[in-house]
Number of protein chains: 2
Amino acid sequence: MNKTINISNPKLKFSSGKSISPLEIAYETYGVLNKEKTNAILVCHALTGDQYVCGKNPITKKPGWWDILVGKNKPIDTNKYFIICSNVLGGCMGTTGPKSIDNSTKSTYGLHFPVITISDMVKVQMLLLDQLGIEKVLSVIGGSMGGMQVLSWMSEFPQRIKSAIPIASAAYHTSQNIAFHEVGRQAIMADPNWHEGKYFEHNIVPEKGLSVARMTAHITYLSEVALQNKFGRNLQDRSKKTFSFDADFQVESYLRYQGVNFVKRFDANSYLFLTRAMDYFDLISENDGMLANAFNNLHASICVISFTGDWLFPSSESKKIVHALNANGVDVSFIDIESNKGHDAFLMDEPQMFETIRGFLEAQYNK
Amino acid sequence: MNKTINISNPKLKFSSGKSISPLEIAYETYGVLNKEKTNAILVCHALTGDQYVCGKNPITKKPGWWDILVGKNKPIDTNKYFIICSNVLGGCMGTTGPKSIDNSTKSTYGLHFPVITISDMVKVQMLLLDQLGIEKVLSVIGGSMGGMQVLSWMSEFPQRIKSAIPIASAAYHTSQNIAFHEVGRQAIMADPNWHEGKYFEHNIVPEKGLSVARMTAHITYLSEVALQNKFGRNLQDRSKKTFSFDADFQVESYLRYQGVNFVKRFDANSYLFLTRAMDYFDLISENDGMLANAFNNLHASICVISFTGDWLFPSSESKKIVHALNANGVDVSFIDIESNKGHDAFLMDEPQMFETIRGFLEAQYNK
């Protein structure tokens, strides 16, 4: 547990033209790498995820974020596969990010951290694979921002992957999604405790702003139906409205809880940088306006998964990816899973997703 | 212009059991009341609207919020009808609200203002009709929170209306809508300049918090398609991404503009109280779980209008209202207008809405 590599002078220029040194990559592995190094699966985490995919998360003491999917005899079976997951570049769980110390100033990067892209995250993951001596992964898999990383692998480093599974994702961030992210960033920046990103120097964190950002985002992770089914207009531990601004409704109480808990484990500046990276993601504009061009050199097998109840990364966006893959004659399967759980379905008990992933990986492994 | 009535001892107990005195009602009228007093139309404004329906708004110097619909020879024709619109109870444009002076303390009400309901707003409007000597309005019309007031009129005071037009509305606020409102309220309350609602005493206003609240809400007023059509991923006055947290994207710039402008004209505490009133609105639970019971005594003619692209108050909610009216044999027509403008369609150039309203009102007038 708690593995890290430290690269003192990475030959890596970011999309912005900037670079950083040293670069630390915090990662976890599960299972055993076989002698031929052909059973590695790279898991890419989402915006607020981390490297603790399964087992017990040492920070939160709760099960890893994909413990339901990854482990012994689970769909991503650690008896068979070697799972790698690293905290993304710009994150706050050990990999270099805005809360890391900038050697040139001896204080935290804060806003001096370079604005990064999904492509930059993937390039850092490639450095890790290089260190582990893995030339080609059996598969790369991830949902949401993790799915964006998967798409970036498919586009930029197709020779390093045998297969890929982008889940609940899109080839670009929509106007509405940028809008929701911008609200979150403005909420953080509006908090006077943010101090233009230098809050650690003030021994404080912008808890309230980050909490509001999380609350906004959390609504977009669920569906209207999911909220209605889960909470409806039920009151929280009371039989009558209080005619006050207390959390009368369960949904209010739930959101406040989500906000308060999030700030305990996440860094506000990381939230700024990672949401920005998602907003900047656009495989269409980066490929002369043709998404198909993004996959010209791809020969891997692809399994695209979406959920009907996901309004943040709707099925229609996954279909665009499938069409672009079809245009290149790529071996692609696509499943649009009937679900009313919203975007977060990819983190939940979705038997169809589990069986699809299990079967797809087995086929790749035996190929 | 700028009409007000002041009621020194209103016989009015709010839903919370509280009351206030004196009560001031700021309102505007357009057109001329006929001798029989049968041509009055009560317009109910939405959350951030005001009494300045048409002509030039004296505060913003822009056209009134429904100038496109109301005026000489327009669908709600001021040559023919006498239009009344009052600022809602709890508002910030002249009617008593949290920024009014509480006579018992000689300072602003702030959070000591009673938590009000849609029903309370309507009861205050009735006081105004009483003062104007209008026994029965030809019609009551409004969209969004205005539509909630219309529904409340239909349910509570059916004998005072000859007809009603609830637009882009719902008989209760959904879990998701409560959630978005709660985020807005938390953003305001997170602003240290809010001072537990006593910001006027500190000669400051919680601009940043209110701005974030407005930005969040504004996304919900548009549709994903509307945002994509209007802004897409277009950059704002620049040819390349800046790799910074500037408003690179047009949609970011637009939202920031919306936020900044809103705080110039709206009171943060009013925002808290009015959103709370909307959250509390629930004609189902108030009628023993049966929406149909809300309209048992209704004999007016009703025209329900919704928009297909509205995800905040979706057409399905308007259909529930229509079913409940049908169950009572009420004379109801329903039009679900094909539109991709989102919830705000009711404020925009929607020819089908205009013609429907024009025709419906003429029929009522000639009846």
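It should be emphasised that the depicted structure is a prediction, and the values quoted were computed from it without experimental measurement.

Caption draft 1: View of the overall build of chain A. Scanning chain A for helices and strands turns up nine helices and twelve strands. Relative to the globule expectation of 21 Å for 367 residues, the C-alpha radius of gyration of chain A, 20 Å, shows essentially globular dimensions. For chain A, the spread of C-alpha atoms along the principal axes amounts to about 65 × 50 × 40 Å. A total of 367 residues make up chain A; the buried ones form 56% of that total. Sequence separation of at least 24 residues holds for 71% of the intrachain contacts in chain A that already meet a minimum separation of 6.

Caption draft 2: The interface of chain B and chain A, seen in detail. If you look at the interface, chain B gives 42 residues, while chain A gives 42 residues. The set of elements that each furnish at least two residues to the side of chain B that touches chain A consists of helix 3 (175–190), helix 4 (207–221), helix 5 (224–230), helix 6 (250–265) and helix 7 (268–280) of chain B. Looking at the side of chain B that touches chain A element by element, the count peaks at eleven residues for helix 3 of chain B.

Caption draft 3: Looking closely at unusual backbone geometry. In this structure, P22 of chain A follows S21 of chain A across a cis peptide bond, with omega equal to -5°. Even without being glycine, K106 of chain B reaches a positive phi, approximately 65°. The class of K106 of chain B is exposed, set by 7 C-beta atoms lying within 10 Å. If you check the backbone angles, E196 of chain B has positive phi at about 55° while not being a glycine.

Caption draft 4: The arrangement of the confidence of the model for chain A in detail. Chain-level pLDDT for chain A is 97 on average; 100% of the residues reach the 70-or-more range. Listed scores for the predicted complex are pTM 0.96 and ipTM 0.95.

Caption draft 5: Quick peek at the sheet that holds strand 3 (residues 40–44) of chain A. Residue and element names in this part refer to chain A. What the eight strands build is an open sheet, ordered 1-2-6-3-9-10-11-12; its pairing is mixed. The two strands at the open ends of the sheet, each matched to only one other strand, are strand 1 (3–7) and strand 12 (332–337). Recorded for the sheet is a direction-independent mean angle of 20° between the axes of neighbouring strands. Strand direction decides the pairing type here: strand 1 and strand 2 (residues 23–30), joined by five bridges, are antiparallel. Each residue of the ladder has a partner; that of I5, found in strand 2, is I25.

Caption draft 6: Focus on the pairing of strand 6 (residues 82–86) of chain A. All names here are of chain A. Within strand 6, five of the five residues are buried, which leaves it mostly tucked inside the rest of the structure. Burial along strand 6 is two-sided: F82, I84 and S86 and I83 and C85, pointing in opposite directions, are all buried. Across four bridges, strand 2 lies against strand 6 in antiparallel orientation. Among the inter-strand pairings, Y27 is bridged to a residue of strand 6, identified as S86. Taken together, the four bridges between strand 3 and strand 6 define a ladder with parallel strand orientation. Paired with L42 across the strands is I84, a residue of strand 6.

What counts, and at which threshold
- Residues numbered from 1 in each chain as written.
- Chains lettered and ligands numbered in written order.
- Predicted model: local features only at pLDDT ≥ 70, side-chain atom pairs only at ≥ 80, totals over all residues.
- Helix = DSSP H or I, 4+ residues; strand = E, 2+ residues; numbered from the N terminus.
- Rg over C-alpha atoms; globule rule 2.2 N^0.38 Å.
- Buried ≥ 20, exposed ≤ 12 C-beta atoms within 10 Å, placed from the backbone.
- Contact = placed C-beta atoms within 7 Å.
- pLDDT = per-residue confidence, 0-100.
- Pairing = 2+ DSSP bridges.
- Axes fitted to C-alpha atoms, helices over the stretch in contact; angles between N-to-C directions.

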